[in-house]
Amino acid sequence: SILIAYGRAKRSKEAEALFDRMEQLAEESGDDSFRPGTICYNDLIWAYAAVGNAQQAETTLLRMLATIEEGHQGDLAFTVRAWSGVMAAWASSGDVDSVRHVERLMGQLKEMEKSDALE
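This structure is a prediction, so every number in the text was calculated from the model and none was measured.

### Structural notes on the overall build of the chain
Point 1. Within the chain one finds six helices and zero strands.
Point 2. Ordered by position from N to C terminus, the α and β elements of the chain give α-α-α-α-α-α.
Point 3. The C-alpha radius of gyration computed for the chain amounts to 14 Å, which stays within 12% of the reference 14 Å derived for 119 residues, consistent with globular compactness.
Point 4. Scored against the burial criterion, the 119 residues of the chain give a buried share of 39%.
Point 5. Here the analysis covers contacts within the chain between residues at least 6 apart in sequence; of these, 55% occur between residues at least 24 apart.
Point 6. Total accessible area on the chain is roughly 6,800 Å²; 53% of this is exposed by carbon and sulfur atoms.

Have a look at this one:
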């Protein structure tokens, strides 16, 4: 997808703009086929990971989880790929607390795994 291409090119701002435009089109048209799904969320998270923007990667993951919990998920699903993208972003961020962030995420992921919420 184009989001993957933006991520590989380390152009996370363009990936974010495209993602936001997809959401806007879905809202304006009432057509949920424009709404970003699991793959788009994962690709955006990994685009942020490519540039070490861990905070934005995690914010996107939380946004994804909130959308699922609100019942507006469409084809959204909890995936290990999304979580590992956020962990990779923290690992490459240079943040002095990156290990703590990754450990926290691992704990949350293990809890989700116990509840069979992951795909």
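### What to know about the pattern of salt bridges
Point 1. In the structure shown here, the tally under the stated rule is nine salt bridges.
Point 2. One continuous salt-bridge network, built from bridges that share partners, spans Asp20, Glu23 and Arg63.

### Let's talk about helix α4 (residues 54–69)
Point 1. For α4, which comprises 16 residues, the first-to-last C-alpha distance of 22 Å matches the rise-based estimate of 22 Å (1.5 Å per residue) to within 8%.
Point 2. Buried within α4 we find Ala54, Ala57, Glu58, Thr60, Leu61, Met64, Leu65, Thr67 and Ile68.
Point 3. Lining the buried residues of α4 we find α3 (38–50), α5 (80–92) and α6 (98–114).
Point 4. Of the residues trailing α4, Gly71 is marked for its positive phi of about 85°.

### Focus on the packing of α3 against α5
Point 1. Orientation of α3 relative to α5, taken along the N-to-C sense of each, is 10°, at an axis distance of 8 Å. Of the possible angle classes, the one that applies to α3 and α5 is roughly parallel. For the pair α3 and α5, the contacting residues are Asn42, Asp43, Ile45, Trp46 and Ala49 in the first and Arg81, Ala82, Ser84, Gly85, Val86, Ala88, Ala89 and Ser92 in the second.
Point 2. Split into classes, the residues belonging to the contact of α3 with α5 amount to seven nonpolar, four polar and two charged.

### Regarding the packing of aromatic side chains
Point 1. Under the defined criterion, the tally for this structure stands at one aromatic pair.
Point 2. Between Phe19 and Tyr41, the ring centres sit 4.8 Å apart and the planes meet at 80°, which makes this aromatic pair edge-to-face. Of the two residues, Phe19 is situated in helix α2 (residues 12–29) and Tyr41 in helix α3; the sequence distance between them amounts to 22 residues. The residues Phe19 and Tyr41 share a single accessibility class, namely buried.

### Notes on the nonpolar core
A general feature of soluble globular proteins is that nonpolar side chains tend to end up buried together.
Point 1. Membership of the largest hydrophobic core comes to 28 residues, with the highest contact counts inside it found for Ile45, Ala57, Leu61, Met64, Trp83, Val86 and Leu105.
Point 2. Looking at this core, the elements with two or more residues in it are α2, α3, α4, α5 and α6.
Point 3. Ranked by residue count, the leading element in this core is α3, at seven residues.
Point 4. Among residues more than four places away in sequence, those in contact with Ala57 are Ile45, Tyr48, Val86 and Ala89.

Rules used in this analysis
Residues numbered from 1 in each chain as written. Predicted model: local features only at pLDDT ≥ 70, side-chain atom pairs only at ≥ 80, totals over all residues. Heavy atoms only, no water. Helix = DSSP H or I, 4+ residues; strand = E, 2+ residues; numbered from the N terminus. Rg over C-alpha atoms; globule rule 2.2 N^0.38 Å. Buried < 20%, exposed > 50% of the residue type's maximum accessible area, 1.4 Å probe, protein only. Contact = heavy atoms within 4.5 Å. Areas by Shrake-Rupley, 256 points an atom, 1.4 Å probe, with all protein chains shown as cover. Salt bridge = Lys/Arg side-chain N within 4 Å of Asp/Glu carboxyl O. Expected span 1.5 Å × (residues − 1). Axes fitted to C-alpha atoms, helices over the stretch in contact; angles between N-to-C directions. Parallel < 35°, antiparallel > 145°, perpendicular 65-115°, else oblique. Nonpolar A, V, L, I, M, F, W, Y, C, P; charged D, E, K, R; others polar. Phe/Tyr/Trp six-rings, centres within 6.5 Å; stacked < 30°, edge-to-face > 60°. Core = buried A, V, L, I, M, F, W, Y, C linked by side-chain atoms within 4.5 Å.

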